[in-house]
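Secondary and tertiary structure notes
What follows is each chain in one-letter form.
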Amino acid sequence: MGRLVAVGLLGIALALLGERLLALRNRLKASREVESVDLPHCHLIKGIEAGSEDIDILPNGLAFFSVGLKFPGLHSFAPDKPGGILMMDLKEEKPRARELRISRGFDLASFNPHGISTFIDNDDTVYLFVVNHPEFKNTVEIFKFEEAENSLLHLKTVKHELLPSVNDITAVGPAHFYATNDHYFSDPFLKYLETYLNLHWANVVYYSPNEVKVVAEGFDSANGINISPDDKYIYVADILAHEIHVLEKHTNMNLTQLKVLELDTLVDNLSIDPSSGDIWVLRIQNILSEKPTVTTVYANNGSVLQGSSVASVYDGKLLIGTLYHRALYCEL
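The following paragraphs examine the structure supplied in this document.

What counts as what
Residues numbered from 1 in each chain as written. Predicted model: local features only at pLDDT ≥ 70, side-chain atom pairs only at ≥ 80, totals over all residues. Heavy atoms only, no water. Helix = DSSP H or I, 4+ residues; strand = E, 2+ residues; numbered from the N terminus. Buried < 20%, exposed > 50% of the residue type's maximum accessible area, 1.4 Å probe, protein only. Polar contact = N/O pair within 3.5 Å; in protein donor to acceptor, adjacent residues only side chain to side chain. Contact = heavy atoms within 4.5 Å. Phe/Tyr/Trp six-rings, centres within 6.5 Å; stacked < 30°, edge-to-face > 60°. 1 Å grid on protein atoms, 1.4 Å probe; cavity = no way out; pocket = protein on both sides within 12 Å on 5 of 7 lines; lining within 4 Å. Points joined across faces, edges and corners; volume = space filled by probe spheres on them. Disulfide = S-S within 2.5 Å. Pairing = 2+ DSSP bridges. Axes fitted to C-alpha atoms, helices over the stretch in contact; angles between N-to-C directions.

**Section: the side chain of S271**
Structurally, S271 is set in strand 19 (residues 271–272). A relative accessible area of 5% means that S271 is categorised as buried. Here A311 takes part through its backbone oxygen, which lies 3.1 Å from a polar atom of the side chain of S271. Beyond its immediate chain neighbours, meaning those up to four positions away, S271 contacts I55, N226, D278, I279, W280, V310, A311 and S312.

Printed below as a string of structure tokens:
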């Protein structure tokens, strides 16, 4: 009898294990075949061969690239080279990517940049916020962009217990931001367990020098985050749930969910076209309406790009970055 019970329990455990594995494959879209959607005027960006996980573009056409992200289990084409921040001037006739110098005293050897965001202060000072994973830990680095010198002056490193697994960031002040935690835990095994069990413990945190708080939670894996051009709404991509959440921002910086847009693909970083308010990962128009328009502008089966993570537009130009591979420049 005892053996029958043991065999029965083992069978139940194996069945649950199989169900969880199948569910995880579906959440990862592991069996999905990508049909290419091409654009006629595109070329690979020289100097980016090891990933450009996130891109942010200033109103004057200066684009920042976060390059060289490394994670345990993530392939890297430059495993021994630290990450960096590149810049491209999209107003140039033939834009090219240049690496920005970073001020002395900052630990360049362990620089492992992830999501990025810019903020322009009232005096036109440009701040660049960078999610960093030095030695696979979690910090947010705040830099001042010095355009004349093509350099970044490091101002501050932010660490906090409410930022255990930071993925992306959207800046709302010179030292103020919203950030996504793609997991509740920071330990790699517990992260895997959290994903495997589909616990929905990921969240969004608001940070300021005077207050740090969780402002939204219940995500499968909160990933890309951005803000609407009128500063009224925060958009959050839940990559494993294949959703974009629209949240209303209040004067106390709390967030209230308004709607969820369900998609049929993994959604990573979100970029906003400041002129139209369109969201780019796919192209999502009129997200606040009852029936937003969702368009696949570009897709590739891996022959050109592998692991695309961001799309950002400026004045008829489209930049597409990847998690660990190349980056693409297109004219729309």
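**Description of unusual backbone geometry**
Excluding glycine, most residues fall at negative phi; most peptide bonds, likewise, are trans. A positive phi is found at D124, a non-glycine position, where the angle reads about 70°. Summarising the element assignment, D124 is placed in the loop between strand 7 (113–120) and strand 8 (126–132). In this structure, E135 is a non-glycine residue whose phi angle is positive, near 55°.

**Here we look at the packing of aromatic side chains**
Applying the stated rule across the entire model yields twelve aromatic pairs. Arranged with centres 5.3 Å apart and planes meeting at 70°, the rings of F106 and F143 form a pair that is edge-to-face. You can see F106 sitting in the loop between strand 6 (101–102) and strand 7 and its partner F143 sitting in strand 9 (residues 139–146), a full 37 residues away along the chain. The two residues F106 and F143 agree in class, both being buried. Ring centres of F129 and F177 lie 6.1 Å apart, and the angle between their planes is 70°; on these two criteria the pair is classed as edge-to-face. Taken together, the positions of F129 in strand 8 and F177 in strand 12 (residues 176–181) put the pair 48 residues apart, joining distant regions of the chain. Of the two residues, F129 and F177, both sit in the buried class. Aromatic rings pair up to connect F106, F111 and F143 into one cluster.

**Here's the deal with the layout of surface pockets**
Quantified by volume, the second largest pocket comes out at close to 770 Å³. Taken together, 32 residues make up the lining of the second largest pocket; nearest its centre are D56, I57, T118, N226 and I227. Looking at the lining of the second largest pocket, the elements that each hand over two or more residues are strand 2 (52–57), strand 7, strand 11 (166–173), strand 15 (222–227), strand 19 and strand 23 (308–314).

**Overview of the state of the cysteines**
With the rule as written, the count across this model stands at one disulfide. Sulfur-sulfur distance for the disulfide between C42 and C330 comes to 2.1 Å. Negative torsions about the S-S bond denote left-handed disulfides, and the value of about 110° found for C42 with C330 makes this one right-handed. Taken as a pair, C42 in strand 1 (residues 42–44) and C330 in strand 25 (residues 328–331) lie far apart in primary sequence, 288 residues in all.

**Considering the pairing of strand 14 (residues 212–219)**
As paired strands, strand 13 (residues 202–207) and strand 14 are joined by six bridges and run antiparallel to one another. Looking at strand 14, one finds that A202 is bridged to F219. Between strand 13 and strand 14, which pair antiparallel in sequence order, lie four residues.

**Notes on the environment of S289**
Looking at the element boundaries, S289 is found in the loop between strand 21 (283–285) and strand 22 (293–295). With relative accessibility at 28%, the residue S289 sits in the partly exposed group. Taking C-alpha positions, S289 is 21 Å from A241, a pair spaced 48 residues apart along the chain.

**Digging into the sheet that holds strand 25**
In space, the four strands of this open sheet follow the order 1-25-24-23, with antiparallel pairing throughout. Among the strands making up the open sheet, the edge pair consists of strand 1 and strand 23. The average angle at which neighbouring strand axes cross in this sheet is 20°, direction not considered. In terms of strand pairing, strand 23 meets strand 24 (residues 317–322) through six bridges, oriented antiparallel. Pairing of S312 across the sheet is with L319, part of strand 24.

**Considering the sheet that holds strand 19**
One open sheet holds the four strands; their spatial order is 19-20-21-22, and the pairing between them is antiparallel. The open sheet has two edge strands with one neighbour each: strand 19 and strand 22. Across three bridges, the pairing between strand 21 and strand 22 is antiparallel. Its bridge partner being in strand 22, R283 is matched across the sheet by T295.

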